[in-house]
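# Structural overview for review
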Amino acid sequence: MEFPVYLDNNATTPLDPRVLEAMLPYFTSKFGNAASRSHVFGWVAEEGVDYAREQVAKLIGCTDKEIIFTSGATEADNLGIKGVYEMYQGKGNHIVTVATEHKAVLDTCIHLEKLGARVTYLNVKEDGLIDLAELEAAMTAETILVTVMYGNNEIGVIQPIREISAIAHQYGALFMTDATQAVGKIPVDVDADGIDLLALSAHKLYGPKGVGALYVRRKNPRVKLTAQMDGGGHERGMRSGTLNVPGIVGLGKACELCRLEMDEEAKRLSALRDKLEQALLLIEESQVNGSTSQRLPHVSNMSFKYVAGEGLMMAMKDVAVSSGSACTSASLEPSYVLKHLGLSDDIAHSAIRFGLGRFTTAEEVDYAIESAKKELKQLRNLSPLWEMVKE
Ligand SMILES: *Cc1c(COP(=O)(O)O)cnc(C)c1O
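Along each chain, the written sequence defines residue order, and numbers are assigned to residues from 1. Where local features are concerned, this predicted model is filtered to residues with pLDDT of at least 70; where side-chain atom pairs are given and counted, the filter is 80 or more; whole-chain, interface and lining totals use all residues. Neither water nor hydrogens contribute to the side-chain values; these are computed over all heavy atoms in the structure.

## With respect to the site of the ligand
Note the following rule: Throughout this document, a residue counts as near a molecule or strand when at least one of its heavy atoms sits within 4 Å of that molecule or strand. Here a polar contact means two N or O atoms within 3.5 Å. Within protein one must be a hydrogen donor candidate and the other an acceptor candidate, and residues neighboring in sequence count only if both atoms are side-chain atoms. Computed by Shrake-Rupley with a 1.4 Å probe, the accessible areas treat only the displayed protein chains as cover when residues are assessed. Helix and strand assignments follow DSSP, with helices taken as H or I runs no shorter than four residues and strands as E runs no shorter than two, numbered in order from the N terminus. When residue character is reported, Ala, Val, Leu, Ile, Met, Phe, Trp, Tyr, Cys and Pro are called nonpolar, Asp, Glu, Lys and Arg charged, and the others, Gly included, polar.
Among the 13 residues in the neighbourhood of the ligand, the closest are listed as Thr-74, Asp-178, Gln-181, Ser-201 and Lys-204. Contacts to the ligand include Thr-74, whose side-chain N or O atom sits 2.6 Å from an oxygen atom. For the ligand, an oxygen atom lies 2.7 Å from a polar atom in the side chain of Gln-181. In isolation the ligand has 380 Å² of accessible area, and contact with the protein removes 87% of it. Looking at which element gives the most residues to the shell around the ligand, the answer is helix α3 (residues 73–87), with three residues. The class makeup of the residues in the shell around the ligand is two nonpolar, eight polar and three charged.

Here it is, written out as structure tokens:
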């Protein structure tokens, strides 16, 4: 076993060596600009990009012409939401999203509010899922876009995407999903799921950082976007800028590997995750945050009362996990996602996210269990609050 053990695969994943191998030639001999039409260097780079586009498309069940390469999911979220907002202003100015979305979506919506958009931020229930009746009540004739993430990055909860897209379409709105945590981990099919726009990122699925894609539906309906980056007209005018060819080739290879290995990997990871969770639930005053039935296979967000998540995270020196708090400059704010589940500050502050991945072994999970048990015991033994509770 190598230390520290990496259990933070929702923050980023290591690059699969097979992905690196596919990328390497595009840094050296195949260095051409994919937009160079006049010589073989350009053609070879373009071939690599075209192949990758097909690999990405195949994973989510779309055509290659519907994929726009971006610098990651943050850019894809920005392009999708701002691009639709600008293009469909004649129809309306209302966007519906969820309070527990990633900041890439929330901050984009806040930006558009300053420009005149009306945004509804749906609440979630205790399990992290939205209430479909609340969505339906929010829809108006001015609603142009409903954007709801597929799987949540902090708690792994999977929203009822098909029901949500059906409601959006019933009211004539487009449906977008930030599927960064779901693509490559569980089956995602843009037609079956009724998705019009979808954001994904390579570094969450064992590809390189700094590359992602936006899927934009071309048929039933044909979605139009206002470009957010002007320049040479790359990506059919929707995203100018010289293509990151090695990154795109890596994203394509990563998508192919996920498509081929996802089913088995999901089974293996959910078994490991459940083992971890069951072992840690035996600890007094512990709980799982968010739905355990509608959930990505590799994530567990747990709270251990009377211990600060930050403290436990620091104490588990040889295990890299993430706590439920976002450390801002001066204060330690509990995660807004956990707060929206209705958890108390105490419970939200005591949360730890375990994110398993392709390279996580059973041995590593056992180590993490022992480490968490040992450190929790020690931290609680030092806690006057815990002593009071015990008495
Ligand atoms: C990581 C992540 C993003 C941001 O992706 P980048 O490619 O790092 O910009 C957006 N949304 C979700 C749900 C994520 O997990």
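## Topic: the UniProt feature "coiled-coil region" (unreviewed entry) in the protein chain
Put simply, the test is: UniProt positions are given in the numbering used here, feature names are shortened, and annotations may be inferred rather than shown by experiment.
Per the UniProt annotation, the sites labelled "coiled-coil region" (unreviewed entry) are residues 259–289. For the annotated span residues 259–289, helix accounts for 74% and strand for 10% of the residues, and the straight-line distance between the end C-alpha atoms is 29 Å.

## Some thoughts on the nonpolar core
Rules: Put simply, buried Ala, Val, Leu, Ile, Met, Phe, Trp, Tyr and Cys residues joined by side-chain atoms within 4.5 Å make one nonpolar core. Categorising residues by exposure relies on relative accessible area from a 1.4 Å probe, with only protein chains included: less than 20% of the type maximum marks a residue as buried, more than 50% marks it as exposed, and the intermediate range marks it as partly exposed. Source of the domain bounds: an automatic or database domain assignment. A contact between two residues is defined here by any heavy atoms of the two lying within 4.5 Å.
By size, the foremost hydrophobic cluster in this structure holds 68 residues, and its most contacted members are Val-146, Leu-198 and Leu-251. Sorting elements by how many residues they give to this core places helix α7 (residues 245–281) first, with nine residues. Looking at which domains feed residues into this core, each of domain 1 (5–12 + 262–390) and domain 2 (17–256) supplies at least three. Setting aside anything within four residues of it in sequence, one finds Leu-198 in contact with Ile-60, Thr-177, Ala-179, Val-183, Val-188, Val-190, Ala-213, Leu-214 and Tyr-215. Ranked by size, the runner-up nonpolar core spans 25 residues in total, among them Phe-304, Val-365, Ile-369 and Ala-372.

## Brief notes about the environment of Met-87
Along the polypeptide, Met-87 turns up in helix α3. C-alpha separation for the pair Met-87 and Lys-209, spaced 122 residues apart in sequence, amounts to 29 Å. If sequence neighbours within four positions are ignored, Met-87 has contacts with Lys-224, Leu-225 and Thr-226.

## Focus on the pairing of strand β10 (residues 299–304)
The condition that has to hold: DSSP calls a pair of strands paired once it identifies at least 2 bridges connecting them.
Of all six residues in β10, six are buried, a share of seventy percent or more. By the alternation rule, side chains of β10 split into Val-299, Asn-301 and Ser-303 and Ser-300, Met-302 and Phe-304, which are all buried. Here three bridges tie strand β9 (residues 286–288) to β10, and the two strands are oriented antiparallel to one another. Pairing of Val-288 across the sheet is with Met-302, part of β10. In the sheet, β10 pairs with strand β15 (residues 351–355) via five bridges, with the strands oriented antiparallel. Considered in β15, the bridge of Ser-303 is made with Ala-351.

## What to know about the packing of helix α2 (residues 40–60) against α7
Operational definition: In this analysis an axis means a line fitted to C-alpha atoms, helices contributing only their contacting stretch, and an angle means the value between N-to-C directions, from 0 to 180 degrees. In this scheme the crossing of two helices becomes right-handed for a clockwise turn of the near helix relative to the far one and left-handed for an anticlockwise turn of less than a right angle.
Look at α2 against α7: their axes get within 8 Å of each other, and the N-to-C directions meet at 30°. In the crossing of α2 with α7, the sense of the turn from one axis to the other is left-handed. Along its contact with α2, which presents Ala-45, Gly-48, Val-49, Tyr-51, Ala-52, Gln-55, Val-56, Lys-58 and Leu-59, the element α7 presents Val-245, Ile-248, Val-249, Leu-251, Gly-252, Lys-253, Cys-255, Glu-256, Cys-258, Arg-259 and Met-262. Looking at the contact of α2 with α7, its residues break down into 13 nonpolar, three polar and four charged.

## Describing the side chain of Asp-193
Mapped onto the elements of the fold, Asp-193 is located in the loop between β6 (174–178) and β7 (197–201). Classification of Asp-193 as buried rests on a relative accessible area of 2%. Separated by 2.7 Å, the side chains of Asp-193 and Tyr-150 make a polar contact. In this structure Asp-193 touches Tyr-150, Ile-161, Arg-162, Ser-165 and Val-188, once residues within four positions along its chain are discounted.

## Side note on the sheet that holds β15
Within the open sheet, the four strands sit side by side as β9-β10-β15-β12. Their pairing is antiparallel. The sheet is open, and its two edges are formed by β9 and β12 (322–323), each paired on a single side.

## Details of the domain arrangement of the protein chain
This is how the line gets drawn: Buried area: the accessible surface (1.4 Å probe) lost by two parts on joining, summed over both. A pair is scored as a salt bridge if a Lys or Arg side-chain nitrogen falls within 4 Å of a carboxyl oxygen belonging to Asp or Glu.
Under the domain assignment used here, the protein chain contains domain 1 (5–12 + 262–390) and domain 2 (17–256). Domain 1 and domain 2 are separated by 29 Å when their C-alpha centres are compared. Across the boundary between the two partners, domain 1 contributes 27 residues, which contact 33 residues of domain 2. When the two sides are added together, the surface that domain 1 and domain 2 hide from each other amounts to roughly 2,600 Å², 58% of it contributed by carbon and sulfur. At the boundary of domain 1 and domain 2, one finds zero salt bridges. Connecting domain 1 to domain 2 are 11 residue pairs in polar contact (both at pLDDT 80 or more). Where the side of domain 1 that touches domain 2 is concerned, the elements lending two or more residues are α7, β10 and α9 (336–340). No other element matches α9, which puts four residues into the side of domain 1 that touches domain 2.

## Digging into the sheet that holds β7
Strands sit in the order β2-β8-β7-β6-β5-β3-β4 across an open sheet of seven strands; the sheet is mixed. Every other strand in the sheet has two partners, leaving β2 (67–70) and β4 (118–122) as the edge strands with one partner each. Going across the sheet, the axis of each strand differs from the next one's by a mean of 20°, ignoring polarity. Of the pairings in the sheet, the one linking β6 to β7 comprises three bridges and is parallel in character. Residue pairing across strands places Met-176 opposite Leu-197, the latter belonging to β7. Against the sheet, α2 makes contact with β2, β7 and β8 (212–216), and its axis sits at roughly 115° relative to β2, the strand it touches most.

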